[in-house]
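Understanding the architecture of this molecule
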Amino acid sequence: MDIPYALLGNKQSCTCGRDHQVPIEKIVIDERMLEQLPPYLAGESLNQVLLVADANTYRVFGDQVYQHLLGAGVTCDVHVFQASHDLLPDEQAIAAIRQAVVQSSATVVLAVGSGVINDVARYASYSEGIPYIVIPTAPSMDGYASSVAALQFNGVKTTLPAHTPKAIFVQPEVLSDAPFELIQAGFGDLIGKTISLLDWKLSHVLFGEYFCTKSYEMVLTPLQYCVEHAVQVRDRDQTTIKNLFVGLINAGIAMAMMGNSRPCSGSEHHCSHYWDLLAYQGVRPHASHGLQVGYAVQWMIRFYRVFAKASSIEAPLSPALTPEREAQIRAFYGDGANEILTVFRDKVSWYHEHNGDFQTRDIALVLQKLEPELSMLPAVERALRDMNIPEMMDALGLTVDILRETFLHANELRSRYTIFDFLVSQGELDGATRNVLAILEVAKK
Ligand SMILES: NC(=O)C1=CN([C@@H]2O[C@H](COP(=O)(O)OP(=O)(O)OC[C@H]3O[C@@H](n4cnc5c(N)ncnc54)[C@H](OP(=O)(O)O)[C@@H]3O)[C@@H](O)[C@H]2O)C=CC1
Ligand SMILES: O=C(CO)COP(=O)(O)O
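Just so you know, the residues in each chain are numbered from 1, in the order the chain's sequence is written. Going through the entries in the order they are written, you letter the chains from A and number the ligands from 1. With the structure being a predicted model, the display of local features is reserved for residues of pLDDT at least 70 and the display and counting of side-chain atom pairs for 80 or more, all residues being used for whole-chain, interface and lining totals. Values reported for side chains reflect all heavy atoms of the structure, with hydrogen atoms and water molecules removed beforehand.

In the nomenclature of an unreviewed UniProt entry, the protein is known as Sn-glycerol-1-phosphate dehydrogenase of Alicyclobacillus fastidiosus.

What follows is the structure in structure tokens.
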């Protein structure tokens, strides 16, 4: 698995009809990467660094980076989040970094950490108009190279456009020594692409939604690698973990090419976002993003099997924001209701924009177009089992009731079309949910 270095920095015309630009200038994956950091900073005139980490990532590698920079004569301040609980990517975390940037007159933010640190450093540096560089501490998710920031406002996961890192410096040993749960999370985030790619293609086939084959393949290749190497990931084979990380970087580059997370986030991610909201509400404990995504995949596969048995497709109706619907949303989402209502209105607009493009009611044709992805599903299920992900329901604090609620509501969290929207538009979501959850009743007997 290789980084597509030729794509970095330059604007590229694509066969999809759009130009793509990935403004990451440098990706260094090297045991001696620390030695390259001070000369890089000096060459870019980034002479006032603010290092951002949390207590764990500072202990794991942040302190070593800090000492190295001081030893090399780089001026560096440090902001370490000391939260005794999981750090949320929220307004307070972003404000704290922005304040530290101003106080230290930083010209660059250097994030040492994984998903949340990367996102808050990205968004704060973007808001302050200065670049950021990331030193990943775990192969736990695909956001290092992306340009979007996954934030959580009033409990609701919201993804906002921001910027890519200027550079990514990676010490492979730090990644392969990361706790197994974080490696498992990276695997879960990547195997989730089984569904995000299917959802994207479904929308493309049904509505002619914009599709970029190059971005699609940038995600498909690491997904296939992951499916074929689950046992080696489980056994912590060093080369495989490095490749898993490179695959996560490539998925992030695909998001940067698109300027959004369409190739990498579909209904499986929307389930995870719903579970994050329930954790925020105290209904269940917080769990890792990638594990949640990986766990959701088996369920989305079952929904796609229900879909594959459909005998016809009804032309979709647009959803309608009735006063009753709005009242339900306000009652359930509380402070986060405004975010959800914005998503709802965006989805109504999406339908208005795309309904005229509705391409086909021929289910056989749709299934034929999705055949390459659908034929992967048995191998994906095997890979999930090899990583012991399907049996994580209790560990993730999920119950049958939570799963039911999730499947009925996850599509409220994003305006993006997925299998859930298809089932809603066919009046089939309730029935399909009963159908897929029946497997748990069978297992109990
Ligand atoms: N922008 C994007 O494109 C994307 C963003 N995301 C976002 O990323 C987040 C998930 O990121 P993820 O990395 O899984 O998890 P988190 O960032 O939530 O948490 C991981 C935690 O693990 C600890 N940790 C990290 N590295 C090490 C290490 N080497 N050794 C010991 N502990 C370590 C830290 O501890 P502690 O918290 O205990 O201090 C760290 O904060 C989610 O918010 C998700 O939405 C995900 C994909 C794409
Ligand atoms: O986590 C992501 C991709 O892995 C980003 O997803 P969202 O855009 O749904 O937040």
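Now, onward.
Numbering of helices and strands starts at the N terminus; helices are DSSP runs of H or I of at least 4 residues and strands are runs of E of at least 2. Per the secondary structure count, the protein includes 19 helices and 10 strands. C-alpha atoms define the radius of gyration in this analysis, and the globule rule sets the expected value at 2.2 Å times the number of residues to the power 0.38. In terms of C-alpha radius of gyration, the protein reaches 22 Å, essentially the compact-globule figure of 22 Å for 445 residues. Taken along the three principal axes of its C-alpha coordinates, the protein extends 70 × 50 × 45 Å. Relative accessibility under 20% of the residue-type maximum defines a buried residue, over 50% an exposed one, and the middle range a partly exposed one, all with a 1.4 Å probe and only protein chains included. The proportion of buried residues among the 445 residues of the protein is 58%. When the accessible area of the protein is evaluated, it comes to approximately 17,800 Å², of which 49% is carbon and sulfur surface. Each charge class in the protein can be summarised by its mean position, and for the 34 positive and 50 negative side chains these summaries are 4 Å apart. A 1.4 Å probe and the Shrake-Rupley method give the accessible areas. Residues count as covered only by the protein chains that appear here. His is not counted, nor are the chain ends, whereas Lys and Arg count as positive and Asp and Glu as negative. Charge positions are represented by NZ for Lys, CZ for Arg, CG for Asp and CD for Glu.

By the convention used here, strands pair only if DSSP detects at least 2 bridges between them. Summarising the sheet, strand β4 (residues 48–54) and strand β5 (residues 75–81) pair through seven bridges and their orientation is parallel. If you follow L50 over to β5, its bridge partner there is D77. What joins β4 to β5 is helix α2 (residues 55–71), and the crossover it makes is right-handed. A clockwise course of the path from the first strand over the helix to the second, judged with the strands pointing away from the viewer, identifies a crossover as right-handed.

The next thing to look at is the site of ligand 2. It suffices for a single heavy atom of a residue to lie within 4 Å of a molecule or strand for the residue to be listed as near it. In the vicinity of ligand 2, the residues found are D142, T159, D189, K193, M255, S261, C264, S265, H269, H273, H289 and R414. Here an oxygen atom of ligand 2 sits 2.7 Å away from a polar atom, N or O, in the side chain of D142. In this structure, an oxygen atom belonging to ligand 2 sits 2.5 Å away from a side-chain N or O atom of S261. Alone, ligand 2 offers 310 Å² of accessible surface; in the complex the protein occludes 94% of this. Each residue gets one of three labels, nonpolar for Ala, Val, Leu, Ile, Met, Phe, Trp, Tyr, Cys and Pro, charged for Asp, Glu, Lys and Arg, and polar for the others, Gly among them. Among the residues making up the shell around ligand 2, the classes are represented as two nonpolar, six polar and four charged. Pairs of N or O atoms within 3.5 Å make up the polar contacts considered here, provided that, within protein, one atom can donate a hydrogen while the other can accept it, and that residues adjacent in sequence are counted only when both atoms are side-chain atoms.

Of all residues adjacent to ligand 1, which total 25 residues, the nearest are D54, N56, D119, S140 and S146. For ligand 1, an oxygen atom lies 2.8 Å from a polar atom in the backbone of V116. In the model, an oxygen atom of ligand 1 is placed 2.6 Å from a nitrogen or oxygen of the S140 side chain. Among the elements of the structure, α2, α4 (115–128), β8 (148–153) and α6 (180–191) are those that each provide at least two residues to the shell around ligand 1. A total of four residues in the shell around ligand 1 trace back to one element, the largest contributor, which is α4.

What follows covers the pairing of strand β10 (residues 167–170). Alternating residues of β10 divide into A167 and F169 and I168 and V170, and every residue in both groups is buried. Note: strand β3 (residues 26–29) against β10, four bridges, orientation parallel. Across the sheet, residue K26 finds its bridge partner in β10, namely A167. Looking at chain direction, strand β7 (residues 132–136) and β10 are connected through two bridges and run parallel. Within β10, the residue paired with V134 across the bridge is I168.

Further remarks concern the sheet that holds β3. Pairing is parallel across the open sheet formed by six strands, whose spatial order is β3-β10-β7-β6-β4-β5. One side of each edge strand has no neighbouring strand; the edge strands of this open sheet are β3 and β5. Pairs of neighbouring strands in the sheet enclose a mean axial angle of 15°, with direction left out of account. In this description, contact between two residues means that some pair of their heavy atoms is separated by no more than 4.5 Å. Orientation is described by lines fitted to C-alpha atoms, with helices fitted over the stretch in contact, and by angles between N-to-C directions that extend from 0 to 180 degrees. Against the sheet, helix α1 (residues 33–43) contacts β3, β4, β6 (108–113), β7 and β10, and its axis sits at roughly 155° relative to β10. Contacting β4, β5, β6 and β7, α4 runs over the sheet at an angle of about 170° to β6.

In a helix, the anticipated span is given by 1.5 Å times the number of residues less one. Counted at 1.5 Å a residue, the expected span for α4 with its 14 residues is 20 Å, and the 20 Å between its end C-alpha atoms agrees. For α4, the buried fraction is high: 10 of the 14 residues fall into the buried class. Those residues of α4 that fall on the buried side of the exposure criterion are G115, I117, N118, D119, V120, A121, R122, Y123, A124 and S125. One or two residues past the end of α4 sits G129, with phi positive at roughly 70°.

Now for unusual backbone geometry. Phi angles above zero are rare outside glycine, and R236 is one such case at about 60°. Mapped onto the fold, R236 is located in the loop between α9 (230–234) and α10 (238–258).

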